[in-house]
Amino acid sequence: MKHHFFMRFSEGRKKALTLSYDDGVEQDIRLMEILDKYGLKCTFNINSGRFAPEGTVFSEGTIHRRMTRSQATELYTNSGHEVAVHGTVHPWLETLPTPSVVLDIINDRKELEEQFGTIIRGMAYPYGTYSDSVVEALRACGIAYSRTTIQTERFDIPTDWLRLPTTCRHKNPRLMELAKKFAESDPRRAQLFYLWGHSYEFEEDDNWNVIEEFAEYMGGRDDIWYATNIEIYDYIDAYNKLMFSADGHTIYNPTLYTICFASGGSSSEFIEYSIAPGQTIHI
């Protein structure tokens, strides 16, 4: 009997939620407080060459207030959230010669890794723009994924990680409609809700209630895995490395992750499985 195989996320969950916010601005402090309150996880995309000078006092009414290096270090280090590349100086990458793209991305990655004491493999495109040559440059720089600004309003599992689309921006008027559709579904295939934006926009638009309402509604659900971008990438990458026998009945897990999936025939009940690192199972 031929089987269907459907990935499940950590602990057998069918759904995952992740956020992605850019520029390393002061409003990330309030955003992180909201996310932590409801248990959501975010990836913060930082320009290591654009920190505000230490001691900066912004003029009244300034909305886009970049943090200083020390502020950013204090906020993001060991926060449970992810720090990712956003270009050293937030360049239009597709306008640069390839060596300049590599230099900018490698420099941002190196500076952020030294600052936060971690390995950084994620990214969001500055301005959301890129080209095929930029994508290849990122691959050479060891970047595992890079987020675009494309909104699909869908919950598909990504396949082209260096041209990573999103479900929607928080400015999308259908945000809560999409959130409810996601939260109330019981999908057969795994689903991902990917939200992005800039936290300064909440101050600019005077609507912090948007993210507060979203986080309160989406948080605390047993069937959703709350994870950073890189955690989701690494889990899906591990799932894709499972080794199957020709008939699909013997499965070996060569990774360091416990992987969950469901399997069944077209007319049979689906059975949930979990396979530990190094384990072989027969189904």
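Whatever comes next refers back to the structure up there.
Residues numbered from 1 in each chain as written. Predicted model: local features only at pLDDT ≥ 70, side-chain atom pairs only at ≥ 80, totals over all residues. Heavy atoms only, no water.

*Asks:* In this structure, what is going on with the overall build of the protein chain? I would like to understand it.
*Replies:* Along its length, the protein chain carries eight helices and 15 strands. For 283 residues, the compact-globule estimate of 2.2 N^0.38 gives 19 Å, and the C-alpha radius of gyration of the protein chain, at 20 Å, lies within 12% of that figure. Each principal axis of the C-alpha atoms in the protein chain carries an extent, and together these give about 70 × 45 × 30 Å. Classification of the 283 residues of the protein chain by burial places 51% in the buried group. Considering only contacts within the protein chain whose residues lie at least 6 apart along the sequence, 66% involve residues at least 24 apart. Accessible surface, the protein chain as shown: approximately 13,100 Å² in total, 50% of it carbon and sulfur. Of the charged side chains in the protein chain, 28 are positive and 41 negative; the average position of the first set lies 5 Å away from that of the second. (Helix = DSSP H or I, 4+ residues; strand = E, 2+ residues; numbered from the N terminus. Rg over C-alpha atoms; globule rule 2.2 N^0.38 Å. Buried < 20%, exposed > 50% of the residue type's maximum accessible area, 1.4 Å probe, protein only. Contact = heavy atoms within 4.5 Å. Areas by Shrake-Rupley, 256 points an atom, 1.4 Å probe, with all protein chains shown as cover. Lys, Arg positive; Asp, Glu negative; His and termini not counted. Charge placed at Lys NZ, Arg CZ, Asp CG, Glu CD.)

*Asks:* What is the right way to look at the sheet that holds strand 12 (residues 250-252) in this model?
*Replies:* Sheets are built from strands that pair by backbone hydrogen bonding, the pairs being arranged parallel or antiparallel. Taking strand neighbours across the sheet as the criterion, the three strands line up as 11-12-15 in an open arrangement whose pairing is antiparallel. The open sheet has two free edges, formed respectively by strand 11 (243-244) and strand 15 (280-282), since each of these has just one partner strand. Bridge count for strand 11 against strand 12 is two bridges, and the pairing is antiparallel. From the neighbouring strand, Phe244 faces strand 12, where its bridge partner is Ile251. (Pairing = 2+ DSSP bridges.)

*Asks:* Looking at this structure, I do not really get the packing of aromatic side chains. What am I missing?
*Replies:* Any pair of aromatic rings gets described here by the distance separating the centres and the angle formed by the planes. A full pass over the atoms with the stated rule returns 18 aromatic pairs. With a centroid separation of 5.7 Å and 40° between ring planes, the pair formed by Phe9 and Trp225 is classed as tilted. With a gap of 216 residues between them, Phe9 in the loop between strand 1 (4-8) and strand 2 (15-22) and Trp225 in strand 10 (residues 224-226) connect regions that are remote in the sequence. Residue class for Phe9 comes out buried when judged on its relative accessible area of 0%. (Phe/Tyr/Trp six-rings, centres within 6.5 Å; stacked < 30°, edge-to-face > 60°.)

*Asks:* Got a minute to help me understand helix 5 (residues 175-183) in this structure?
*Replies:* Because an α-helix packs 3.6 residues into every turn, residues spaced three or four apart end up facing the same way. For helix 5, the complete set of buried residues consists of Leu175, Met176, Leu178, Ala179, Phe182 and Ala183. All buried residues of helix 5 project into a common sector of 155° when viewed along the axis, lining one side. For helix 5, the elements touching its buried residues are strand 2, strand 8 (168-169), strand 9 (191-197), helix 7 (208-218) and strand 10. (Arc of directions from axis to C-beta.)

*Asks:* How do you make sense of the environment of Met32 when you look at a structure like this?
*Replies:* Position of Met32 among the secondary structure elements: in helix 1 (residues 28-38). Met32 gets classed as buried once you look at its relative accessible area, which sits at 4%. When the C-alpha atoms of Met32 and Phe44 are compared, they prove to be 9.9 Å apart, with 12 residues separating the residues in sequence.

*Asks:* Looking at this structure, how should I read the sheet that holds strand 1?
*Replies:* Spatial ordering of the open sheet is given by 1-13-14, a layout of three strands whose pairing is antiparallel. The two strands at the open ends of the sheet, each matched to only one other strand, are strand 1 and strand 14 (271-275). The mean angle between the axes of side-by-side strands here comes to 30°, regardless of whether they run parallel or antiparallel. (Axes fitted to C-alpha atoms, helices over the stretch in contact; angles between N-to-C directions.)

*Asks:* Mind showing me how you'd approach unusual backbone geometry here?
*Replies:* A negative phi angle characterises most non-glycine residues, just as the trans form characterises most peptide bonds. The phi torsion at Glu11 lies on the positive side, around 60°, for a residue other than glycine. Tracing the backbone shows Glu11 in the loop between strand 1 and strand 2. The backbone of Tyr127 shows a phi angle near 65°, a positive value even though the residue is not glycine. Here Tyr127 is to be found in the loop between strand 5 (122-124) and helix 4 (132-140).

*Asks:* Could you clarify how one ought to interpret the pairing of strand 13 (residues 259-264) in this entry?
*Replies:* Extensive coverage of strand 13 is indicated by the burial of six of its six residues. Side chains Ile259, Phe261 and Ser263 project from strand 13 onto one buried face, and the interleaved Cys260, Ala262 and Gly264 project onto a second face that is buried too. In the sheet, strand 1 pairs with strand 13 via five bridges, with the strands oriented antiparallel. Counterpart to Phe5 in the pairing with strand 13 is Ser263. Where strand 13 meets strand 14, five bridges bridge the pair, whose relative direction is antiparallel. Looking at strand 14, one finds that Cys260 is bridged to Ser274.

*Asks:* What am I meant to see in the side chain of Thr18 here?
*Replies:* Mapped onto the fold, Thr18 is located in strand 2. Looking at Thr18, the relative accessible area reads 1%, which means it is buried. At 2.7 Å, the side chain of Thr18 and the backbone oxygen of Ala227 are in polar contact. Those residues within four positions of Thr18 in sequence are excluded, and the remaining contacts are Lys41, Leu192, Phe193, Tyr194, Leu195, Ala227, Thr228, Asn229 and Ile232. (Polar contact = N/O pair within 3.5 Å; in protein donor to acceptor, adjacent residues only side chain to side chain.)

*Asks:* Before we go on, may I ask you to explain the nonpolar core in this structure?
*Replies:* Across soluble globular proteins, you tend to see nonpolar side chains buried next to one another. In terms of nonpolar packing, the biggest core is built from 53 residues, with Tyr76, Phe193, Ile211 and Phe214 touching the most fellow members. Among the nonpolar cores identified, the runner-up in size contains 28 residues, and Trp196, Ile230, Ile259 and Phe261 belong to it. (Core = buried A, V, L, I, M, F, W, Y, C linked by side-chain atoms within 4.5 Å.)

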